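Each chain, letter by letter, is given below.
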Amino acid sequence: MSRVAVITGGAGGIGRAIALRLAQDGVDIAIVDRSAECDELCALLRGLGVRAGAYQCDVSDFEQAGAVCGQIVADFGGVDILINNAGITKDNLLLRMSEADFDLVVDVNLKGVFNFTKHLSKALMRSPAGRIINISSVSGLMGNAGQVNYSASKAGIIGLTKTVARELAPRGVTCNAIAPGFIETEMTRDLPGSVKAAVLSAIPLKRMGNPGEVAGLAAFLASEQAAYITGEVIRIDGGMAM
Ligand code: NDP
C-alpha cells in the first residue's frame, strides 16, 4: 500500500520540490496551497506514477483547514506524512512593524502548522509510520533583524515540534523540524543585491541552497531510515547558523 503525503504550500519553491521528490519514492501527494493553480504540478506528479490532488486552503483558517483535511482523508483513504511548509514573510524592523503584519505572519506560519497537525493527527496515528515534518528557519534559531514576526513564528514551530514529538511518540508518529538557511525560491528572489552579498558572506559554503537539497532532507526524514529520529531540528544552511 503506497503512503500519502500532505504538503502545505506545495505549489511554491520548496513545497513543490518536496512533492516531486516524495513522488519519486512512490508517495501519493495532496498539495495544499492558497492558489488553486496546481494542474501542471499534479500532472507531473501523476506522470511519476502516483496519485495527486490539489486543495485550495488558507492554512491559517482553522475551519477551512479542518474541511480540507477531512476531504483529503476521504479522497486518499488516509495520511502518512504531513509536511507543514506554507509560509510567508512581511519584513520590517520592530520599530516599523505593524500589528497586522505581526499577526498575519504568525497566523500563517505558526497557527497554520497547528491547524494541519491537529486536524490530521488522528489520521497520522492510524498510519503504521506517521511522520510530521515542519519547515522552520535559521531565523527561528538565530533571530534576524527585520524579521521579528517571522523569527517568532519559526521559533514557535520548534517548540510545537518538540511537544508534538513527545505527545505522538507513543502512537508511533515522529515529528521533526527542518531549519533552512537561504534557499533560492520566490521568497528570496527579490532580496536587494546588497542583502544577498551580505548573506553570502555569512555562509561558510558561499552559496544559497536549492529546493532540491531541502527536499532530499525531507524525504530522508519521511523514510524508514529516520524511524528513530524525533523532536529534532536539522539545519540545512551551508553552515550559516553553526
Ligand atoms: P514560496 O513563497 O516559494 O512558497 C510558499 C508557498 O506557501 C506558496 O505556494 C504560497 O502560496 C503558500 N502559502 C503562503 N501563504 C499561504 C496560506 N495562508 N495558505 C496556504 N498556502 C500559503 O516559499 P519557499 O518555498 O521558499 O518557502 C517554503 C517554506 O520554507 C516557508 O515556510 C518558508 O518560511 C521556509 N523557508 C524558506 C527559506 C528560503 O530561503 N526560501 C529559508 C528558510 C525557511 P502563494 O504563492 O499563493 O503565496
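The present account deals with the structure reproduced in this document.

Considerations on the environment of I135
Take I135: it is sitting in strand β5 (residues 131-135). The sequence separation of I135 and N84 amounts to 51 residues, and the corresponding C-alpha distance is 6.1 Å. The contact partners of I135, leaving out residues within four places of it in the chain, are I18, I83, N84, N85, K154, I157, I178 and P180.

Quick notes on a negative patch on the surface
Taken together, the side chains of D58, E99, D103 and D107 present a region of like negative charge at the surface. Take D58: it is sitting in the loop between β3 (52-56) and α3 (62-76). We classify D58 as partly exposed; its relative accessible area is 32%.

What to know about the pattern of salt bridges
Applying the stated rule across the entire model yields six salt bridges. Residues R21 and D25 are paired through a salt bridge, measuring 2.8 Å at the closest nitrogen-oxygen approach. When its relative accessible area of 29% is taken as the criterion, R21 is described as partly exposed. With a shortest N-O distance of 3.0 Å, R189 and E186 are connected by a salt bridge. Taken as a pair, R189 and E186 lie in helix α7 (residues 186-189) at a separation of three residues, close to a single helical turn. Assessed through its relative accessible area of 57%, E186 is described here as exposed.

A closer look at the state of the cysteines
If you walk through the whole model with that rule in mind, you get zero disulfides. Note on C69: no disulfide assigned, nearest cysteine sulfur contributed by C57 at a separation of 7.2 Å.

Regarding a nonpolar patch on the surface
Residues L94, F102 and V148 make up a contiguous nonpolar surface patch of about 260 Å² in total accessible area. Here V148 lies in helix α6 (residues 148-168). With relative accessibility at 33%, the residue V148 sits in the partly exposed group.

Quick notes on the site of the ligand
In the vicinity of the ligand lie 28 residues, with D33, R34, Y150, I183 and T185 positioned nearest. Between the ligand and C57 there is a distance of 3.3 Å, counted from a nitrogen atom to a backbone nitrogen or oxygen. Within the contact set of the ligand, an oxygen atom lies 2.8 Å away from a side-chain nitrogen or oxygen of K154. The pocket occupied by the ligand, as judged from atoms lying within 2 Å of grid points, is the largest pocket. Every element with two or more residues in the shell around the ligand is listed here: α1 (13-24), α6 and α7. In terms of residues, the shell around the ligand owes the most to one element, α7, which gives three residues.

So, the side chain of T188
Secondary-structure assignment places T188 in helix α7. Accessibility expressed as a relative area gives 11% for T188, which makes it buried. In this structure T188 touches F182, I183, K196 and M208, once residues within four positions along its chain are discounted.

Calculation notes
- Residues numbered from 1 in each chain as written.
- Predicted model: local features only at pLDDT ≥ 70, side-chain atom pairs only at ≥ 80, totals over all residues.
- Heavy atoms only, no water.
- Helix = DSSP H or I, 4+ residues; strand = E, 2+ residues; numbered from the N terminus.
- Contact = heavy atoms within 4.5 Å.
- Patch = residues over 30% accessible without salt bridge, like charges linked within 9 Å, V, L, I, M, F, W, Y side chains within 5 Å.
- Areas by Shrake-Rupley, 256 points an atom, 1.4 Å probe, with all protein chains shown as cover.
- Salt bridge = Lys/Arg side-chain N within 4 Å of Asp/Glu carboxyl O.
- Lys, Arg positive; Asp, Glu negative; His and termini not counted.
- Charge placed at Lys NZ, Arg CZ, Asp CG, Glu CD.
- Buried < 20%, exposed > 50% of the residue type's maximum accessible area, 1.4 Å probe, protein only.
- Disulfide = S-S within 2.5 Å.
- Near = heavy atom within 4 Å.
- Polar contact = N/O pair within 3.5 Å; in protein donor to acceptor, adjacent residues only side chain to side chain.
- 1 Å grid on protein atoms, 1.4 Å probe; cavity = no way out; pocket = protein on both sides within 12 Å on 5 of 7 lines; lining within 4 Å.
- Sits in = over half its atoms within 2 Å of the grid points.

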